[in-house]
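# Examination of the molecular architecture
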Amino acid sequence: MRLHLVEIHDLASCPQSLRDALTDFLAFTVNVGGAYDPAGPLLRRAIERTKARRIVDLCSGAGGPWSRLAGQVGVPVLLTDLYPHRGGVRDMSFYPESVDARKVPEQLDGFRTIFTAFHHFRPVEARAILEDAVRHRQGIAPFIRPWRWSRLLWTYLPPVLPLVGTVDGIVSCLRTYSLAELAGLVRGLDTYDWDFGNFRGPRSPLRGTYLIGVPKSALA
């Protein structure tokens, strides 16, 4: 059963330097393991269907898996976050202003993606993210990283940001959405074609989960 607890780096009171350090570490871990490599082909097909001119990545942190995926999707990638990463992200375009994934500024058109962050939102908020994409007729794809308690042991317990990393890692496990819960979130959003399933990185025994939505008018 999913539990919605609070991660320390979600808090507005979390120091920017600590948040940046943790998101840098998270980006490093997802790229070293190649956990999101299978997302590249899935996104490229969805982008071709929507004819989007760019990707607008939401809740980007320190860039997540984009250092590995940017060359696979065929369009530019714009990173955004509620708390923009101070100093930007090397070799990536980062929108400098705060962006709420539940209400994306109209000028930020493009295929929307969320990596390793969808679990931060309560069901009502997660639904609002999807509804905002539907309202603006933008494709959207949340990717949820694979989780097991053994992954927590190897990823978060080394002496790098030990306290915050361990607490937030445990909370992430408890807040992850299942496939059934994702299906419930999109119920009634019938003007989109929704696809969800599992993926597995080439060097990982663990499966992640994805949800991709494309306007039905783009399927013709």
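Look a little higher up for the structure.
Described in the following lines is the structure provided in the data block.

What counts, and where the lines are drawn
- Residues numbered from 1 in each chain as written.
- Predicted model: local features only at pLDDT ≥ 70, side-chain atom pairs only at ≥ 80, totals over all residues.
- Heavy atoms only, no water.
- Core = buried A, V, L, I, M, F, W, Y, C linked by side-chain atoms within 4.5 Å.
- Buried < 20%, exposed > 50% of the residue type's maximum accessible area, 1.4 Å probe, protein only.
- Helix = DSSP H or I, 4+ residues; strand = E, 2+ residues; numbered from the N terminus.
- Contact = heavy atoms within 4.5 Å.
- Pairing = 2+ DSSP bridges.
- Salt bridge = Lys/Arg side-chain N within 4 Å of Asp/Glu carboxyl O.

### Some words on the nonpolar core
Ranked by size, the top nonpolar core spans 28 residues in total, and within it L58, F118, L130 and W194 carry the most contacts. Taken together, the elements giving at least two residues each to this core come down to strand 1 (55-58), helix 4 (123-135), strand 5 (140-144), helix 7 (179-185) and strand 6 (192-200). Looking at this core element by element, the count peaks at 5 residues for helix 4. Excluding residues within four positions of it along the chain, F118 makes contact with A126, I129, L130, P142, I144, Y177, L182 and L185. Listed in part, the 24 residues of the second largest apolar core include A46, L69, V77 and F115.

### Thoughts on the sheet that holds strand 1
Strand order in the open sheet made by the 7 strands is 3-2-1-4-5-7-6, with mixed pairing throughout. A strand with exactly one partner marks an edge of an open sheet, and here the two such strands are strand 3 (93-94) and strand 6. Where strand 1 lies against strand 2 (residues 77-79), 3 bridges are found, and the strand directions are parallel. Across the sheet, I55 pairs through a bridge with V77, a residue of strand 2.

### Topic: the environment of A52
Along the chain, the position of A52 falls in the loop between helix 2 (39-50) and strand 1. Its relative accessible area of 18% is what places A52 among the buried residues. Between the alpha carbons of A52 and G110 there is a distance of 5.5 Å; along the sequence they are 58 residues apart.

### Topic: the pattern of salt bridges
This model, assessed by the stated rule, comprises 10 salt bridges. Put simply, D100 and R102 hold a salt bridge, and the shortest N to O gap is 2.8 Å. For R102, a relative accessible area of 34% translates into the label partly exposed. As a salt-bridge pair, R112 and D132 come within 2.7 Å of each other at their nearest N and O atoms. In this pair, R112 sits in strand 4 (residues 111-115) while D132 sits in helix 4, placing the two residues 20 residues apart along the sequence. No difference in accessibility class separates R112 from D132, as the two residues are buried. Salt bridges sharing partners connect three or more residues here, namely R53, R54 and D109.

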